[in-house]
Amino acid sequence: MTDTTAITRLTAAETAEKIASGALTAVEVTEAHLARIEAVDEKVHAFLHVDREGALAQARAVDAKRAAGEELGPLAGVPLALKDIFTTEGVPTTVGSKILEGWLPPYDATVTKRLKAAGIVILGKTNMDEFAMGSSTENSAYGPTGNPWDLTRIPGGSGGGSSAAIASFQAPLAIGTDTGGSIRQPAAVTGTVGVKPTYGGVSRYGMVAFSSSLDQGGPCARTVLDAALLHEAMAGHDPLDSTSVDAPVPPVVEAARAGSVAGMRVGVVKQFRGEGYQAGVVQRFDEAVAVLKELGAEVVEVDCPSFDLALSAYYLIAPSECSSNLARFDAMRYGLRVGDDGSHSAEDVTALSREAGFGDEVKRRIMLGTYALSSGYYDAYYGSAQKVRTLIKRDFESAFERVDVLVSPTTPTTAFPIGERADDPMAMYLADLCTIPANLAGNAAMSLPCGLAPEDGLPVGLQIIAPAMKDERLYQVGAAVEAAFVEKWGHHLIEEAPSL
Amino acid sequence: MTVIDLVSYEDALATYDPVMGLEVHVELGTKTKMFCGCSTELGAPANSQTCPTCLGLPGALPVVNAVGVESAVRIGLALNCEIAEWCRFARKNYFYPDMPKNFQTSQYDEPIAYNGHLDVQLADGEVFRVEIERAHMEEDTGKSTHIGGATGRIHGASHSLLDYNRAGIPLIEIVTKPIEGAGERAPEVARAYVAELRELIKALGVSDARMEMGQMRCDVNLSLRPKGREKFGTRSETKNVNSLRSVERAARFEIQRHAAVLSSGGTILQETRHFHEEDGSTTSGRIKEEAEDYRYFPEPDLVPVAPPREWVEEIRGSLPELPRLRRNRLREEWDVSEHDMQSILNAGAIDPIVATIDAGAPADQARKWWMGELARNANETGRALDELPITPAQVARVAELVAAGDLNDKLARQVIDGVLAGEGDPDTVVDKRGLKVVSDDGALGAAVDEAIAGNAGVVEKIKGGKVAAVGALVGAVMKATRGQADAARARELILEKLGVEG
């Protein structure tokens, strides 16, 4: 096979299979994707850094292993786009921020290590909202990313670079991180699949922290099976992350291959519809629910009253933790250093560097969090938010006594135009309305495509939420829904995306 | 330097009642840091014992050192504290360049140990109970060295050097409840508390607790209130008082300073103060107009610590005898005064003496050598007793040779000098130096005859009844034998030869 376009349109599972069988070499696959990046990324701007040499070296290593008759992992030789929030030894890691411009980490994140060990080829680092704070990737210090479905629109955020990379066939796989929806919302608006594993399912070691108790790395792909394969490769206990769950990875690949909802109980979250929800989003969501019923699921409505408080609680907890996590960027040991001209004190240099290095949204959240943690306000803000978090967990617990999974639209609207909400933080925050509860409770959740909204022809995402450490249910349900839609449409939704 | 008015200590105590609070930081002797695997060895080149976690690199995460937790539990139990069934770490947020994350991972409202006490014994034997508020786990900061300033402080410095080797070394902070009712003995109580705590920490084996190495650091909070009043006065916080003597002096100085301010109608500022070893004074540091807001919140990167009850009880069962009780037991066994026991404690001689007795020496001999010759040598060479190159077993052997009459005291001292000089064990030194006591009559006889022949005047006196003058002849014999003669036997021989009754 020499048609590079055809190579880039393969799924990860297909690509791995062809490399394993010798139909393709890992180097061919990598070169095809590097060529695709060369061809389209000027328009999309999914990547902040392309590691051509590192990628080809890894591809050659996979080919050499195969030539030597060694066994290859299930994703060996498959290219991947890594969100620029994971440290990569000797390869720039900016977290979308000026404050880390030019920083070369001296160590690999656990996820990076696992990808490398699995023979996965890391093409480069993808664009993101600065420190993962945002829902549009417009907060990147390095400029916005375009949505491959319509380059004038946002690709979601914070992981817009990762979702855009796979939606524009620059990579079959990507890694994102999801603090309040940063994997799922970009997946929804780009017609791709994104999974936030159970909190603690994927190591956070080497993943630059935004909000430690909410951050979770996860897979992005164009199919449910591909996501499952990547999930399995990146997940599992890590002694370097104290919050990592010491238990076997849920059987996600098996579930994605089985893909059945017959006899399952599915709950529709009552809170996630109504005012603010785009008509086409609601329509496609309702159709997805109808599909679930046709496939044999028992569908009931589930009331989760505390979910109405989730957004408020989130915007106290996440900024509070971020105000502390980002304190280390003080220009003393790494990163941007401003004012070091002999006329300023260390304190001044720290202040000037942070002033110059952080963007507005980051500063806004640092200030919010600093305030919320102040003595005298702690109980009213951070303390109350933690109580809400407990209530949300209880809502989930009682829901999961009745149903196996919950479903909702992933995001209230389709992709909005770049610039539309840039000056309206509240409107921007609403993009994560449906995704935040799963972060607060630590559950597993997935977004997968359920069609295009009739009014704008843009992708709509279906969110599936499963109890903690029951991640396999996402794949079981997701694969069944995906198969039904593929049968209905005759192809994956992503095939309808413009070829750029 | 600003002149600080003081009133005499006696006058201060006539009017005011001191209240103290002592905060002691102990660096644990774990092999690795509190939240990463870096070595805690002292003296390594700057920044050579660091990793992404203790440098606070983006993405790095902490993992709790289990030995650190166990040490904290041991300390808590030895201080008669309750041990939390469930507690969390918290972040203490403030910016300082030697703190890599710009927050210190500490504990806030959920300390691992709380509500305890430590009984301390003053020099005259009086026991004073110091109530313990809490003991909690935290990490040390790195070390800043300010270059170019006059005093080594940041003020006036041209630049600073940062060494993160210390960043992340486990600390236990032990905080007392307000110490009331000590009156004029408050400085003495402060010193005795820190001394007792140091002994306890050492006995538990969790740290060497060497104050001169910064392994144990003390902050002295002190306030005065007019006698008879309940309400506490405003306190000052004297930071980093790092010797027992300094603790006592700092408390004493602050009592006198506070009294001067209050008596002249002034108010005490709530502030931190620096202690000066040279003259025992304190000077103003940072004024705490508002309580500093550290924005504590539970550390989300760590899971709660929940020491299982059986494990806690297991540790309780393995605690050594408390130092004060052990001292009292030994004092009775050895039959020494409170004062002497205090000297033995101060010299760091308790453990060597016990070990020497265990090796077979009589208690008085063991005490005599460690508190005499060896203490002198340690003092002269600036070493601690347990750093001297002689073992308790060797000291016991010297005592045995003396008891057997093979050595006299003078020779024994030479043997000890030889061992300290690296010449080998006591028997080797005796052989090499030929230091055996000469007691056989043949060898002594010649020396005795010589002494009698050469001191006719003395011989006359002795014969004339002044038997005490025999000392001069014995001295001559000792001189002739270079100290190796058995003095008692020489005396007997001389008197025998002169036909005089001893």
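In this text the structure is predicted, and so the values were computed from the model without any measurement.

A.B. asks: How should I be thinking about the overall build of chain B in this particular structure?
C.D. replies: Helix and strand counts for chain B stand at 16 helices and 14 strands. C-alpha extents for chain B along the principal axes are approximately 95 × 55 × 50 Å. Going through the 502 residues of chain B one by one, you find that 42% of them count as buried. Here the analysis covers contacts within chain B between residues at least 6 apart in sequence; of these, 69% occur between residues at least 24 apart.

A.B. asks: Sorry, what's going on with the environment of Gln271 of chain A here?
C.D. replies: Residue and element names in this part refer to chain A. Turning to its location among the elements, Gln271 is positioned in the loop between β7 (265-269) and α10 (279-294). A tally of 18 C-beta atoms within 10 Å means that Gln271 is categorised as partly exposed. Distance from Gln271 to Gly342, taken between C-alpha atoms, is 57 Å for residues 71 residues apart in sequence. In contact with Gln271, not counting residues within four places along its chain, are Cys304, Phe307 and Asp308.

A.B. asks: Teacher, can you tell me more about the sheet that holds strand β14 (residues 297-298) of chain B here?
C.D. replies: Sheet strands line up and pair through hydrogen bonds in the backbone, either parallel or antiparallel. All names here are of chain B. Taking strand neighbours across the sheet as the criterion, the 3 strands line up as β4-β3-β14 in an open arrangement whose pairing is antiparallel. The sheet is open, and its two edges are formed by β4 (103-106) and β14, each paired on a single side. Here strand β3 (residues 90-93) runs beside β4; their pairing, made up of 4 bridges, is antiparallel. Of the residues in β4, the one forming a bridge with Asn93 is Phe103.

A.B. asks: Even after reading the chapter, I still don't get the domain arrangement of chain B, so can you show me in this structure?
C.D. replies: By convention, interface size is frequently given as the accessible area that disappears when the constituent parts associate. Segmentation of chain B into domains returns domain 1 (9-295), domain 2 (347-433) and domain 3 (441-498). Distance from the C-alpha centre of domain 1 of chain B to the C-alpha centre of domain 2 of chain B: 38 Å.

A.B. asks: I'm lost on the sheet that holds strand β2 (residues 79-83) of chain A in this one. Help?
C.D. replies: Residues and elements named next belong to chain A. Taken together, the 11 strands give an open sheet; going across it, the order is β1-β3-β2-β4-β6-β5-β10-β11-β9-β7-β8, and neighbouring strands pair in mixed fashion. Looking at which strands have only one partner, the edges of the open sheet turn out to be β1 (47-50) and β8 (298-302). Adjacent strand axes in the sheet meet at a mean angle of 25° when their direction is disregarded. When β7 meets β8, the two strands line up parallel, connected through 5 bridges. Note that in β8 the partner of Val266 across the bridge is Val299. Where helix α3 (residues 26-44) meets the sheet, its contacts fall on β1, β2 and β3 (121-126), and the angle it forms with β3 comes to roughly 20°.

A.B. asks: Hey, could you run me through the UniProt feature "domain: Amidase" (unreviewed entry) in chain A in this one?
C.D. replies: On the UniProt side, "domain: Amidase" (unreviewed entry) is annotated at positions that read residues 28-474 of chain A here. Secondary structure content for residues 28-474 of chain A is 38% helix and 14% strand, and the end C-alpha separation is 33 Å.

Cut-off values and rules
- Residues numbered from 1 in each chain as written.
- Chains lettered and ligands numbered in written order.
- Predicted model: local features only at pLDDT ≥ 70, side-chain atom pairs only at ≥ 80, totals over all residues.
- Helix = DSSP H or I, 4+ residues; strand = E, 2+ residues; numbered from the N terminus.
- Buried ≥ 20, exposed ≤ 12 C-beta atoms within 10 Å, placed from the backbone.
- Contact = placed C-beta atoms within 7 Å.
- Pairing = 2+ DSSP bridges.
- Domains from an automatic or database assignment.
- Axes fitted to C-alpha atoms, helices over the stretch in contact; angles between N-to-C directions.
- UniProt positions renumbered as here; feature names shortened; annotations may be inferred.

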